[in-house]
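A look at the structure
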2 protein chains.
Amino acid sequence: MAEPMYWRIAQDLRHEIEGGTLRPGQQLPTELELREKYGASRNTIRDAMKWLASRAMVDSRPGQGTFVAEHRDTFVTTLSADIQTGRGGGEGLAADAEISARGHRAAVDPPRVELQRAADRIAERLRVAAGSLIISRHQARYIDGAPWSLQTSFYPMDLVTRGAQGLLLAEDIAQGTVTYLHETLGLIQVGYRDTILVRPPDQNEAGFLGLPDDGRIPVAVIIRTGYADSPDGPDPFRVTVSVFPADRNQFVMNSGAVPGDLAGPAKRPNAMTNCPGRMRH
Amino acid sequence: MAEPMYWRIAQDLRHEIEGGTLRPGQQLPTELELREKYGASRNTIRDAMKWLASRAMVDSRPGQGTFVAEHRDTFVTTLSADIQTGRGGGEGLAADAEISARGHRAAVDPPRVELQRAADRIAERLRVAAGSLIISRHQARYIDGAPWSLQTSFYPMDLVTRGAQGLLLAEDIAQGTVTYLHETLGLIQVGYRDTILVRPPDQNEAGFLGLPDDGRIPVAVIIRTGYADSPDGPDPFRVTVSVFPADRNQFVMNSGAVPGDLAGPAKRPNAMTNCPGRMRH
DNA sequence: GCAAATTTGTTCGTATGTATT
DNA sequence: CAATACATACGAACAAATTTG
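The pairing of strand β1 (residues 58-61) of chain B with strand β2 (residues 65-68) of chain B spans 4 bridges and is antiparallel. Note that in β2 of chain B the partner of serine 60 of chain B across the bridge is threonine 66 of chain B.

Laid out in C-alpha cells, this is it:
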C-alpha cells in the first residue's frame with residue numbers, strides 16, 4: 001500500500017491508454033463507472049483523472065465525459081535560413097514557404113501595428129534607449145486554418161524616419177519586411193540570433209492557440225534579433241518574438257553541410273532510448 | 001460570481017506573488033490560515049494551491065508548509081558552433097567551455113557505455129538498419145554541482161570496427177568524441193542538424209534532474225545528428241540526445257554575422273510585450 | 001423549444017495518514 | 001512524544017454543460 005489509491009488508478013488507466021486498450025479520442029468510463037470498478041469514491045477517481053489531465057493524456061468535457069487525448073501532428077520549423085531555397089525561420093515569408101513545402105496551407109491575419117515605447121527587454125536587444133519609440137507589428141498565423149503561432153516584430157522608429165513608412169501600415173508586407181527594408185533603405189540583414197525558451201502560456205496566448213488555461217501545455221518562444229552591417233559591427237534593427245504551442249512544434253537548425261531534405265519530426269526520444277536497464281545516480 | 005472561488009483565491013495569491021508581497025522562498029499562510037482568511041473550506045483552499053502548483057508558482061512540503069517557488073537562474077546554451085572560440089553545442093567539451101566562460105563549474109559523470117540494437121528512431125537518423133549494433137554513451141552533466149542535463153550519444157558499430165575502440169571504453173574522452181574520431185579515423189564532422197522538442201520528463205529524467213513527478217516542468221530535448229563527408233553527400237555518424245529542464249535553460253543559435261559576446265538570458269517576453277490593450281481574435 | 005437524464009465541476013464537511021519540527 | 005502542516009480518502013450536495021427524448 002505504498003502508493004496512494006488515486007495514483008494506482010491513474011497508472012492503471014495510463015497503461016490502458018499507452019497499451020492501446022483505450023484509443024485516442026475514445027471516451028473513458030464515466031466517473032461513476034470507475035467508482036464502481038475500483039471501489040473508490042468519486043473524489044479519488046477525480047484525483048486519478050487530474051493526474052492524467054495534468055500530463056495532457058486525457059481531456060475532460062463537462063456534460064460529455066473524459067476522453068483520451070488525440071495525438072497532434074507535430075509540425076517542424078526550420079530555424080536556420082537556407083539561402084538557396086529561401087526556407088526557414090518560422091516567420092514571415094520563410095514560414096509560409098516551409099509550410100507550403102510540407103504540403104500545408106499557411107495563412108496570416110493582417111498585422112496590428114502600434115507605436116510603442118520600448119520596454120527594457122526589447123530596448124536592450126534593439127540597442128535603443130528604454131522608452132524610445134518603436135514600431136510593433138503583431139500577427140496571428142494559421143496552418144490549414146488552425147491557429148499556429150503569435151508573432152510580434154519590433155523595429156526602431158529610426159527606420160521609418162529614414163524612409164520605411166510601410167512599417168507603420170497595417171497591411172501585410174508581401175515581400176517580407178527584411179526584403180522591404182532592403183528595397184527601401186538598402187539595409188541588409190547580415191546575420192541573426194535566435195533565442196529559444198519555454199514557459200507557460202499567458203491568457204491571451206492560451207486563448208488564441210486553444211491551449212487549456214491550466215498551463216499544462218507550455219509554449220516555445222523564439223526571439224530572433226536581426227542584425228545589419230555597420231562600422232561598429234553587427235547592428236540590431238529588428239526583434240521578432242514568435243510563440244508556438246510546445247506540444248506540437250519542433251524546431252530544426254542546420255550548421256554546415258547537412259542533407260538537403262526537409263527534416264521530419266522526431267519521435268520524442270528520451271536520453272536513454274534503447275536503455276535496457278535503469279540508471280542509478 | 002462567474003469564476004469559482006478556488007480560482008479567485010488562486011488569482012489573489014498569484015497577484016501577491018507577482019506583485020512581490022509574497023517573495024520567492026517565503027512561506028504562504030497555512031491552509032488553515034487561508035481557510036479563515038477567505039472563509040472557504042480547506043478543500044477549496046487546496047484547489048487554489050493546486051492551481052498555483054500546476055504552474056510551478058508554489059511548492060508544497062509536507063510537515064513544513066507551502067512556499068513561493070524560487071526563481072532559478074536560467075542558463076543559456078549556444079547551439080551554433082563558433083569555430084574561433086570552440087564554444088557551443090550544449091554537449092561534450094563545447095558545453096564545458098561555455099559553462100566556464102559564463103563563470104560556472106562544469107562536471108560530468110563517467111559515461112555508461114552500452115552495446116545496443118538500434119531502435120527505429122535512432123537507426124533512421126544514423127541511416128543504419130533497425131536492430132543493427134550501435135554504441136550508446138550516456139552521461140550526466142552538472143553545473144556548480146547541480147544536475148543539469150542527461151546526454152546520450154549513439155554511434156554505429158562500424159566506427160569501432162574501423163578502429164575507434166575508444167568509443168567502447170567507459171571513460172570520458174577528454175578531447176571530445178568528434179576530435180577523437182578525427183584523430184583515429186580521420187573522420188571530419190562537416191555539419192550537424194539540431195532538432196529541438198519539448199515534452200514532459202520521464203521518471204528517470206525527473207528523478208535525476210530533481211523535477212516534480214507530476215510533469216508540470218517540461219524538458220527540452222536537443223537531438224544533434226552529426227554528419228561526415230562522403231561521396232553521396234553528408235553522412236550521419238553520430239546522434240546525441242540531450243535533455244534539459246525547460247524552466248531554467250535557454251538556447252541560442254547564431255546565423256551569419258552577430259555580435260561576438262555571449263548571449264544573455266531573455267526575460268521570458270510574450271508576443272505582446274509592450275501591448276497596452278488586448279488582442280481580439 | 002422544453003424537460004429529463006447524464007456527466008463533469010465546485011464546494012462543503014470529516015476523518016485519518018504521513019512527514020517534519 | 002507532541003504539535004504542526006500537508007496528503008489522501010470518504011461522503012454528500014448542488015451547479016453547469018451537454019445530449020437525448
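Residues and elements named next belong to chain B. For helix α7 (residues 177-185), every residue scored as buried is listed here: Thr177, Tyr180 and Leu181. One side of α7 carries all its buried residues, which in axial view fall inside an arc of 95 degrees. Buried residues belonging to α7 abut β6 (133-143), β7 (146-156), α6 (158-161) and β10 (235-245). Directly after α7, the chain includes glycine 186, whose backbone phi takes a positive value near 70 degrees.

With that settled, consider the interface of chain B and chain A. Each side of the interface is counted separately: chain B has 78 residues, and chain A has 79 residues. With both chains or domains summed, chain B and chain A bury close to 6,600 Å², and 53% of this area falls on carbon and sulfur atoms. At the boundary of chain B with chain A, the tally comes to 0 salt bridges. Of the residues in the side of chain B that touches chain A, the class split is 38 nonpolar, 18 polar and 22 charged. Bridge count for strand β8 (residues 189-199) of chain A against strand β11 (residues 249-256) of chain B is 6 bridges, and the pairing is antiparallel. The residue bridging threonine 195 of chain A from the neighbouring strand is valine 252 of chain B, located in β11 of chain B.

Close contacts around DNA strand D come from 23 residues, with Met5, Asn43 and Thr44 of chain A together with Arg42 and Arg46 of chain B the closest. What you see for DNA strand D is that sugar and phosphate hold 65% of its atoms within 4 Å of the protein. Between DNA strand D and tyrosine 6 of chain A, the relevant distance is 3.1 Å, taken from a phosphate oxygen to a side-chain nitrogen or oxygen of the residue. Contact between DNA strand D and arginine 42 of chain B: a base nitrogen at 3.0 Å from a side-chain N or O atom of the residue. Put simply, the parts of the chain that give the surface near DNA strand D at least two residues each are α1 (5-19) and α3 (42-54) of chain A together with α3 (42-54), β1 and β2 of chain B. Per-class residue counts for the surface near DNA strand D are 6 nonpolar, 12 polar and 5 charged.

Residues and elements named next belong to chain A. You can see glutamine 139 is positioned in strand β6 (residues 133-143). A distance of 3.2 Å separates the side chain of glutamine 139 from the backbone oxygen of aspartate 109, its partner in a polar contact. Separated by 3.0 Å, the side chains of glutamine 139 and aspartate 172 make a polar contact.

Reading the values: rules and limits
- Along every chain, residues carry numbers that run from 1 in the direction the sequence is written.
- Think of it this way: whatever chain is written first is A, whatever ligand is written first is 1, and the rest follow in order.
- This being a predicted model, a pLDDT of at least 70 is required before a residue's local features are given, and a value of 80 or more before pairs of side-chain atoms are given or counted; all residues contribute to the totals for chains, interfaces and linings.
- Water and hydrogen atoms play no part in the side-chain values, which are based on all heavy atoms of the structure.
- Pairing between strands requires that DSSP locate at least two bridges from one strand to the other.
- Numbering of helices and strands runs from the N terminus, with a helix taken as a DSSP run of H or I at least four residues long and a strand as a DSSP run of E at least two residues long.
- The buried label applies to any residue whose accessible area, calculated with a 1.4 Å probe on protein chains only, is under 20% of its type's maximum; exposed applies above 50%, and partly exposed to all values in between.
- The arc in question is the one traced by the directions running from the helix axis out to the C-beta atoms.
- Any pair of residues with heavy atoms lying within 4.5 Å of one another is described as a contacting pair.
- In short, buried area is how much 1.4 Å probe accessible area vanishes from two parts on joining, totalled over both.
- For this document, the term salt bridge refers to a Lys or Arg side-chain nitrogen within 4 Å of an Asp or Glu carboxyl oxygen.
- Residue polarity follows a fixed list, in which Ala, Val, Leu, Ile, Met, Phe, Trp, Tyr, Cys and Pro are nonpolar, Asp, Glu, Lys and Arg are charged, and the others, Gly among them, are polar.
- Any residue with at least one heavy atom within 4 Å of a molecule or strand is counted as near it.
- Within 3.5 Å is the distance limit for a polar contact, defined as a pair of N or O atoms, with the added protein rule that one can donate a hydrogen and the other accept it, and that residues adjacent in sequence qualify only through two side-chain atoms.

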